[in-house]
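# Breakdown of the fold
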Amino acid sequence: MNNLEIVKAGLNKRYAKERRFKFYGIFSISLSLLFLFFLLFDIGAKSIPAFTQTYINLDIEFDKKSMKLQDQDSYSEETLFSASYSKLGRNALYKLFPEVTERKQKKALRQMLSSGARYDLRDAVLENNDYVGTTQNLWVLAGDDIDAFVKGLIDRNIPEADRRVKDYQVKWVDILEAQNKIERRFNINFFTSGDSREPEQAGILGALKGSFYTMLVTLLLSFPIAVSAAIYLEEFAPKNNWWIDIIEININNLAAVPSIVFGILGLAVYINVFGVPRSAPLVGGLVLTLMTLPTIIISTRAALKSVPPSIREAALSIGASKMQVITHHVLPLAMPGILTGSIIGMAQALGETAPLLMIGMVAFVADIPQSILDPATVLPVQVFIWSDSPERGFIALTSAAIVTLLVFLFFMNLIAIVLRKKFETRW
Amino acid sequence: MKKSLIIASTIAALTITSSAQAARDHIDVVGSSTVFPFSTVVAETYGKNTGKPTPKIESTGTGGGMKLFCKGEGIDTPDITNASRRIKSSEFELCMKNGVTDITEVLVGFDGIAFANAINGPSFNFSLKDVYLGLAAKIPAEAYQNGTEGDMIDNPFTHWNQINANLPAVKIKVLGPPPTSGTRDALQELAVEGGCKNYPAMKAMKSSDKSQYKKLCRGIREDGAYVQMGENDNLIISKLTKDPNALGVFGFSFLDQNGDKVKGSAINNSAISFESIANGDYPVSRPLYFYVKNAHRGVIDGLDGFIAEFVDEDTFGEEGYLTDKGLIPSPENIRSGFAEDALGAVKLAL
């Protein structure tokens, strides 16, 4: 047998091997895609109910007596703020269903409306002072049980005793529906308000802003520090120096430390020693900075290493100083790699809850944070808190919060990709 | 690049200066995850009614909350801690040692621990002894097929009807909380230990060898019959709907919200309900408290107002809005006593 024959005899086998190898690759890619699509589809589908909200149309009579207001022509802002609004919604419902007299049923009728309806009515009056003493046709937020029922999340065919919406409530909803007095609208609340214990009033804005401030602090601190550290270690630090080796080993190890350890460190140092306010995005950002530093340092060093030595040498040969070589040539060329590393670090930080537990950011914060010093929570914590809440409406809200988190991440990535494209150079 | 460095250093400088005068304009609450759902509703209502900053509620667990609360009296410590049990004497001493001498105790109400399974599954009526024999790691030998009295054996039961012929013939599978949870403490101390006490030998052991008694009477089996779930009770409920024979252990408020999917088991012939927990017929329930640092009253704006909102009849009374969230109110005379204590800042003495 000559060589050609030997090669030919094995050729089919080698081709088959290659085909199999390709197939394995395609198979694993499609499997991961399948998982991804399944996950996204599941979360997306579950989040849909959260984006609409049930409203009931009522003729609200803003009479001074139920609002506990003195008989005057005009009222100051404070008087209107502290007036009583709790009776207005229920009075309108009692009028609509005058046949309901039994105490328990009356309570059920009251609960058709959200407990937050009174604050909406208050806001409406504060905006239009002339509502006082008149009757207005308004759409009022429905309670979470009614909302779940209208969305079809509560089955009307199961026995009444096992259902949170009773038969008489089902009847009222049917009557309202027949009169077109109940409708589902886009849930604007979700994007404009902070957390609430009532699913129909809960919004993501507080957590979104909390995440934004936390990420801002993290980025502003970790990016410059990490890049400077990496430049020093890569370009200036003496080689084969015992101290530098120790530092390098430590940075590599830090990248693998469980994140909760950084939380404990943050509690001990930032809060207990420096007295940074607990639960604030500032302390969250400081802790997450510790966590992202090693990631960015390692990837920045890799990016700096990948800049061809010829560029450095050319610049040095025409008389550039070391500083000029770095800032004018090496750093801009390494920028795409640095940005990729930073975005990986930031994405990790965005999804982190464990270290925040120690510094008090796993908390119920209803007010929307206005600065990096206000108490705040972040998106993954909001997901955690909502997923652990008993009310049915929070299941959809949990998925909607995950969707928001993914969109936030998407925009962060988008910015990094745009910047990367801007800096990218080919040679 | 230069710009971001400047911004970064400004922030760093800000950090250090802000620490000096970090006056707090919101109320700071920490503590039990069981009280968390109730505390947050009150906080939200208070914030919306008054227009003041909504109190911040952290869910740290009862023990973690006590540690933070008892750390000292400065405004960087919490004003209130929630607890799903009474303050321990060791915690009280820690408070005293750190200068937190004036605290007020308020009983919020009660929480029942439900043993529930899917609505289409068999119905259970346990005695506490059944629960003990089903869940304990080691049981007295005499409980199983005429074993020798006095010996302890590894729990051999696999089906509920082996323990008690009146129970359904289904496999023992209980989904419950992990050891970090207050619900798990209640399961161990109230249900499992409650059943354990039925054996005179064990009762005798309590006075002779307390640590051994605790180990035997509270130890939960680890052979797969008790499945430890995360802290997420919604997850337990969704697992229960898929396996009608499995039982889940969680707080009453979750049962109350999910009555269309799961049903609670009766304990000692008493079905779990609002009324049976309130009047004490249902044996597995625990008190919920909060503790106020009186030195912070008048210092933290709105603290008195928040407490007043919490102990209002419309909040924690029979018809209060906390009952809509699954809180079981305490009897009226006890309730009004605690409300007076809370408003009058009565000092707790153990």
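To be clear, the structure that these remarks concern was listed above.
Residues numbered from 1 in each chain as written. Chains lettered and ligands numbered in written order. Predicted model: local features only at pLDDT ≥ 70, side-chain atom pairs only at ≥ 80, totals over all residues. Heavy atoms only, no water.

### Structural notes on the overall build of chain B
Rules: Only runs of H or I of at least four residues qualify as helices and only runs of E of at least two qualify as strands under DSSP, and these elements are numbered from the N terminus. Here's how the labels work: a residue is buried when its accessible area is under 20% of the maximum for its type, exposed when over 50%, partly exposed in between, all with a 1.4 Å probe on protein chains only. Any two residues whose heavy atoms approach within 4.5 Å are treated as being in contact. Using a 1.4 Å probe, the Shrake-Rupley method yields the accessible areas, and only the shown protein chains count as cover for residues. Only four residue types enter the charge count: Lys and Arg as positive, Asp and Glu as negative, with His and the chain ends excluded. Lysine's charge is taken at NZ, arginine's at CZ, aspartate's at CG and glutamate's at CD.
Looking only at helices and strands, chain B has 16 helices and 13 strands in total. Dimensions of chain B, computed from C-alpha atoms along their principal axes, come out at roughly 75 × 55 × 45 Å. Per-residue burial for chain B yields a buried fraction of 52% across its 350 residues. Taking as baseline every contact in chain B between residues at least 6 positions apart, the subset at least 24 positions apart corresponds to 72%. Here chain B has roughly 14,500 Å² of accessible surface; of this, 52% comes from carbon and sulfur atoms. Both charge centroids of chain B, one from 35 positive and one from 42 negative side chains, sit 8 Å from each other.

### Section: the overall build of chain A
Just so we agree on the cut-off: Put simply, the radius of gyration uses C-alpha atoms, and a globule should come to 2.2 Å times the residue count raised to 0.38.
Per the secondary structure count, chain A includes 17 helices and 4 strands. Taking 2.2 N^0.38 as the reference for a compact globule, 427 residues should give roughly 22 Å; the C-alpha atoms of chain A span a radius of gyration of 30 Å, well beyond that estimate. With the C-alpha coordinates aligned to their principal axes, the bounding extent of chain A is approximately 100 × 65 × 35 Å. Taking the intrachain contacts of chain A between residues at least 6 apart in sequence as the baseline, contacts between residues at least 24 apart amount to 75%. For chain A, the accessible area works out to roughly 22,100 Å², and carbon and sulfur atoms hold 62% of it. Of the charged side chains in chain A, 43 are positive and 40 negative; the average position of the first set lies 8 Å away from that of the second.

### Here we look at the environment of A:Leu96
All names here are of chain A. When you line up the elements, Leu96 lands in helix H3 (residues 86-96). We classify Leu96 as partly exposed; its relative accessible area is 29%. Along the primary structure Leu96 and Ala50 are separated by 46 residues, whereas in three dimensions their C-alpha atoms are 28 Å apart. When residues no more than four places from it in sequence are discounted, the contact partners of Leu96 are Leu58, Leu176 and Lys181.

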